[in-house]
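A look at the structure
In case you want the letters, here they are:
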Amino acid sequence: MTGGATVAVVMMVLAALAALASAGRAWGTEEARGNRTAARREVTYDGRALILDGSRRMLFSGDMHYPRSTPEMWPGLIAKAKKGGLDVIQTYVFWNAHEPVQGQYNFDGRYDLVKFIREIHAQGLYVSLRVGPFVESEWKYGGLPFWLRGIPNITFRCDNEPFKRHMQNFVTKIVNLMRDEHLFYPQGGPIIISQIENEYKLVEAAFHSKGPSYVHWAAAMAINLQTGVPWMMCKQDDAPDPIINTCNGLICGETFLGPNSPNKPALWTENWTSRYPVYGQDQRYRSAADLAFALALFIARKKGSFVNYYMYHGGTNFGRFASSYVTTSYYDGAPLDEYGLIWQPTWAHLRELHAAVKQSAEPLLWGTYSNHSFGQQQEGHVFATESECVAFLINFDKHKISTIKFGEEVFQLAPKSISILSQCRELVFETGKINVQHGLRTAQVVQSLNHVDRWKIFKEPIPTVPSKISHGGNQLYEHLSTTKDETDYLWYLTTYNYRRNGNGQLVLHVEAHAHILHAFINNDYVGLVHGSHDQRGNIVLKEPISLREGRNFISLLCVMVGSPDSGAYMERRVFGVRKVSIKRRQQRPHFMDNEMWKHQVGLSGEINKIYTPEGSTRAEWTALDRSMHLPLIWYKTTFDTPWGNDPVTLNLSSMGKGEVWINGESIGRYWVSFKTPSGQPSQSLYHIPQYFLKTGDNLLVLMEEIGGDPLQITVNTMSIARVYGNVSEFSTPSLLSRENHPSVHLRCQKGKRITDIEFASYGNPVEDCRESGQSCHGSCHAEMSEFIVKNACLGRRKCVVPVRAAKFGGDPCPGIAKSLSVVAICG
């Protein structure tokens, strides 16, 4: 950096301070501060931030969805979020969970929204309530109740009177519920902001003139409810005043156009912590460094004052609530994983960032802003008041360290990293350097379900054309309209009279707009075909078949793996079998689309609820036999509740596809046979909440569609069995530590202690070496390393080991940059 550029930066900061001192600031004088404290229980906003009781606030938020965990988990999840530096918990409100039948409401158990919000309030956090009521959220039908499809003349999410009437009824229901429970901030509650609609700009153009008018209607409807707190719309650049437009995405510091009024603050409602997983795709995690970079950039470039992580805890898509192809596990790589365990280093690295930003909240919220370029890929952003200053120094180069001079100091910026300087001179945080603990999650087998005599099976009957099936006609019925989305399964049944005429192979050809299709001829399995998340549209089954002379029964099982969750005109989406034909080589196909078809909704085992303790007594279970590898088999066994409080999972890697129930509670769909490009299942471990378990035998029931081996299923517990850290002597000390120098901080999850030190080296150990053994030692190693670390850590839940030569008996290799690397076992 040139000397002239250095002077320019200094003059930039001094000019900002001088301008501020001469002009004063509306929110920084003692008089203004007095005004802020005078008003109470009020939420407003201006161009810099949400304002609570007259004070601008820097707020960090995280999405947790109450139906994706259990009430027993909520207190622990919220406590960990608070400890992670969050101020706000954000959640959607799920219309189809609360009003599954028109006019019949459910706010019990996992759907007890009031209890969830009260728990957040009890722990001293605020709430961002995304009422929607369309939510998308990889949730079936985007949160809209399926019964809406049956409303005459309805078109979802546009200026359509039937839809607006029902939407307003539900939004009003939720607002009144919150108001009656005194949960809005002006009433003394925790709700400080609400959201109406959700990412509507993505579909608005499809509705032509009825799109913009719907946006204005929704905004006016929400405002007229007079909640006393602001409303927002995400991804809606033209959100009508006074609605705040907000950003969703991976890099809102780069993509957000900003508030559509100088009087609105920059809010980021979805900072994606990973990408939601779908069957057939590998999990895509987002690094802690990338998350931190994106957050700091939004604050620096956009003057952001509210950032929400989507998700902070993803949880589990219990039952059939996941949308098309979405796995049961939801955002497992969030700061709190699916089971509620702390995901390291993401949780701790973001916690450090929150502390660094909060330390400079005063200049960020009230200071004068200025920026400067240090090169093609380096820039600085400065916020200064009369007495405080904070700078963000940014290096966009992904590969090279950048050295710049800022003020009187020289700073080395790590590749793709942002350095935060308190008082514009003291380095307090670097997004690209991870100095916090890492953790490795381990699934430990506690019970193998390999006892043949403890398993029973029930063969799902293959229906033909019984007269009791009422759904019939000369057409192929649409799937969702027929099932009402109450089951994944719809049988298409017909007969075919075959007369032998020549030779040649017969081929069954079926086109279906579905996720999976199974075909049976005369109760014999023909085969299956399935689609994928990224290849929407028809799936085609083309299989050779054998027919007997005379009447033949054709049974087609159409399967949905979740309903759609987004897009325009959702009420018009059609699914199911579309075309059926039988063809002999060199002859014209015999089309069967308009012949007599009958339909059976759901499976026999579903109809009789044989997955429940009571319903299972109604099925004729038999001993495990060779048919266990065939499709459409129900399996039943019992297992013991694991000892302790560690999260419990089922390893279903030996199975195919289906759904699993524990004591009558569905823990979701599984589809381990749909391998990813890497050759692994998208998900093989399935979470069993502790609340679903009994003290004695637990009933396990699986509906297996494709075929699998239940004898290889295991019950596991999940824990962070190994923790490790690597900290340089030149690292920035943690703002959250009492230590004034770099230190390795290790902590086991609640209920566990450090039982062993696998590796410890002060010197230049091999970076990221997580296995024990001498091979991890570099050319420099203090012989006392293991002794010192064991003395500090063994038998404790947490420990701190300073990274300094004196701690290890002196400098083992002068002139060499040193670090401390530790790998510990928690048990």
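Residues numbered from 1 in each chain as written. Predicted model: local features only at pLDDT ≥ 70, side-chain atom pairs only at ≥ 80, totals over all residues. Heavy atoms only, no water.

1. Here we look at the sheet that holds strand β30 (residues 576-584)
On the basis of which strands lie adjacent, the open sheet formed by four strands has the order β28-β25-β30-β31 and antiparallel pairing. Every other strand in the sheet has two partners, leaving β28 (539-545) and β31 (590-591) as the edge strands with one partner each. (Pairing = 2+ DSSP bridges. Helix = DSSP H or I, 4+ residues; strand = E, 2+ residues; numbered from the N terminus.)

2. Brief notes about the state of the cysteines
Across all of its chains, the model carries five disulfides by this definition. Each sulfur in the disulfide pair Cys389 and Cys424 lies 1.8 Å from the other. Given an S-S torsion of about -65°, the disulfide between Cys389 and Cys424 has left-handed geometry. Taken together, the residues Cys389 in strand β16 (residues 389-395) and Cys424 in the loop between β19 (417-422) and β20 (426-430) connect sequence positions 35 residues apart. (Disulfide = S-S within 2.5 Å.)

3. As for the packing of helix α3 (residues 74-83) against helix α5 (residues 113-122)
At a minimum axis distance of 10 Å, the contact between α3 and α5 shows a crossing angle of 40°. By the angle class used here, α3 and α5 are oblique. Taken as a pair, α3 and α5 cross one another with a handedness that is right-handed. For the pair α3 and α5, the contacting residues are Trp74, Pro75 and Ile78 in the first and Lys115, Phe116, Glu119 and Ile120 in the second. Grouping the constituent residues of the contact of α3 with α5 by class yields five nonpolar, no polar and two charged. (Axes fitted to C-alpha atoms, helices over the stretch in contact; angles between N-to-C directions. Parallel < 35°, antiparallel > 145°, perpendicular 65-115°, else oblique. Left-handed = near helix turned anticlockwise from the far one by under 90°. Contact = heavy atoms within 4.5 Å. Nonpolar A, V, L, I, M, F, W, Y, C, P; charged D, E, K, R; others polar.)

4. Overview of unusual backbone geometry
Residue Pro242 follows Asp241 across a cis peptide bond; omega there is 0°. Put simply, Tyr310 and Met311 share a cis peptide bond, and its omega is 0°. For Met311, the location among the structural elements is in strand β13 (residues 306-313). Positioned with a positive phi, Asp53 is a non-glycine residue whose angle comes to about 55°. Residue classification places Asp53 among the buried residues on the basis of a relative accessible area of 12%. (Buried < 20%, exposed > 50% of the residue type's maximum accessible area, 1.4 Å probe, protein only.)

5. Some thoughts on the pairing of β16
Within β16, seven of the seven residues are buried, leaving the element largely enclosed by the surrounding structure. Alternating residues of β16 divide into Cys389, Ala391, Leu393 and Asn395 and Val390, Phe392 and Ile394, and every residue in both groups is buried. Pairing of strand β15 (residues 378-384) with β16, which is carried by seven bridges, proceeds in the antiparallel orientation. Across the sheet, Glu379 pairs through a bridge with Ile394, a residue of β16. Between β15 and β16, which pair antiparallel in sequence order, lie four residues. Here β16 pairs with β19 via six bridges, running antiparallel.

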